[in-house]
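The chain contents come next:
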Amino acid sequence: MGRTIVVGDVHGCFDELTRLLEEVRIRPEDLLVSVGDLVDRGPEPGKVVDLFRNRPNSFVVMGNHERKHVRGLFSYSQEITRLQFGDDYGEAVEWMGGLPYFFEDDHVRVVHAAALPGIPLQDQPEEVLCGSTRGERELEKLFPEGRWYDHYTDAKPVAFGHHVTGREPLVLHGRIFGLDTGACHGWNLTAVCFPRGTVHSVRASADHWSTVRRRWQLPVLRARPWREVPWQKLAQDLERVSTAPDPALGRWLAGLRTWAEGLRAPLPVLAAETARISEALTEAEMREHPAAKLLFAAQNGRLDETVLSRRCTTPGATIDLAAELGLALDEPPR
């Protein structure tokens with residue numbers, strides 16, 4: 001008879017996952033279940049996803065990190081993961097979108113983050129099960145002085161991840177198993193095997209998130225749509241990364257800053273060119289021009305840098321307006 005093997009948050013740590021499966025001596029008849037958060041922070045999320053997708057008798061619960069990709073809610077770790085997947089990213093996200101929010105068999109219940117005691121899993125809010133920000137707030141309201149599992153009294157074990165328990169898993173009463181032991185932070189990757197409830201762990205080979213965070217900073221910055229970022233946010237982003245220790249990153253940021261400053265300088269030039277064109281064209285010709293509104297503003301003496309600033313809200317808008325006026329401005333550095 002096969003076992004049910006529940007693995008904690010892998011977070012892209014493929015080597016640790018393969019070592020853990022060797023440690024538990026997984027067999028084809030064993031059911032392999034992930035508590036979710038296969039991706040983000042670790043070095044090889046693609047390989048982790050492929051293992052679960054391609055291994056028969058495997059099951060993955062939706063984690064809050066998968067949910068972020070599905071919903072397009074990007075922070076730095078999601079930006080890195082998108083680049084790590086490369087051309088396979090879209091297909092991977094489509095697969096993530098079909099993940100269920102819980103698993104249950106005769107031996108164990110599995111959720112990513114939490115389960116409200118006394119309520120069937122299928123009736124529980126997805127936000128609570130996967131540990132979204134909204135779900136976390138809901139749990140804080142329901143259990144202001146403790147954790148949800150302090151109130152879990154069912155005989156059937158429950159396994160979950162999401163909150164790092166430390167280097168060792170949380171095991172209470174032989175039926176509550178918190179399995180996120182910080183593999184991506186250099187601690188351990190943990191699994192529990194049912195029906196016996198035997199716990200296995202392997203030590204992470206490195207603090208992967210620290211390494212990944214540094215390694216991918218420049219590729220992530222290069223991939224961002226700087227052309228479409230509003231000026232204020234662009235300035236804030238540049239300020240946040242202005243103390244880059246890596247020389248290559250520092251040089252690239254200096255180039256980005258020079259590019260952004262250069263795009264703000266031509267506003268008087270754009271105003272003068274708009275005025276020149278408005279004088280050279282007939283009213284009918286101006287109506288057909290892509291910058292018609294600005295041309296008429298110039299003709300009526302209402303064009304100034306304030307009006308141009310309302311049009312040029314992003315670098316891309318500035319570049320596009322210049323192109324409409326027959327001028328060429330630089331695209332963002334790559």
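First things first, this report covers the structure right here in the doc. Here the structure is a predicted model, which means the values were calculated and not measured. (Residues numbered from 1 in each chain as written. Predicted model: local features only at pLDDT ≥ 70, side-chain atom pairs only at ≥ 80, totals over all residues. Heavy atoms only, no water.)

### Regarding the packing of helix α1 (residues 14–23) against helix α2 (residues 45–54)
To keep things clear, this is the line we draw: Under this scheme, a helix contributes an axis fitted over its contacting stretch, all axes are lines through C-alpha atoms, and angles between N-to-C directions fall in the 0 to 180 degree range. Per the convention used, a helix needs a DSSP run of H or I reaching at least four residues, while a strand needs a run of E reaching at least two, with both numbered from the N terminus. Throughout, a contact is declared for two residues whenever any of their heavy atoms are within 4.5 Å.
Running from amino to carboxyl end, α1 crosses α2 at an angle of 35°, the nearest separation of the two axes being 8 Å. Side by side, α1 and α2 meet where Phe14, Leu17, Thr18 and Leu21 of the first sit next to Lys47, Val48, Leu51 and Phe52 of the second.

### What about unusual backbone geometry?
Put simply, Phe194 and Pro195 share a cis peptide bond, and its omega is 25°. Along the chain, Pro195 turns up in the loop between β9 (188–194) and β10 (198–203). One non-glycine residue, His11, lies in the positive phi region at around 50°. By the secondary structure assignment, His11 is in the loop between β1 (4–7) and α1. In the Ramachandran plot, His162 falls in the positive-phi region, its phi being about 80° despite a non-glycine side chain. Following the sequence through the fold, His162 ends up in the loop between β6 (158–160) and β7 (170–172).

### Observations regarding the nonpolar core
It is characteristic of soluble globular proteins that their nonpolar side chains tend to be buried jointly. Stated formally: Only buried residues count toward a nonpolar core. Its members are Ala, Val, Leu, Ile, Met, Phe, Trp, Tyr and Cys residues joined through side-chain atoms within 4.5 Å. Between buried and exposed lies partly exposed: a residue is buried under 20% and exposed over 50% of the maximum accessible area for its type, with that area taken using a 1.4 Å probe on protein chains only.
Counting 49 residues, the largest nonpolar core has Val7, Val10, Leu17, Leu38, Phe52, Trp148 and Leu189 as the members making the most contacts within it. Those elements that provide at least two residues to this core are β1, α1, α2, α5 (89–96), α6 (126–130), β6 and β9. When sequence neighbours within four positions are dropped, the list of residues in contact with Leu38 reads Val10, His11, Gly12, Val48, Val49, Phe52, Val60, Glu66 and Trp95. Counting 17 residues, the second-largest nonpolar core is a separate cluster that includes Ala271, Met286, Leu294 and Phe296.

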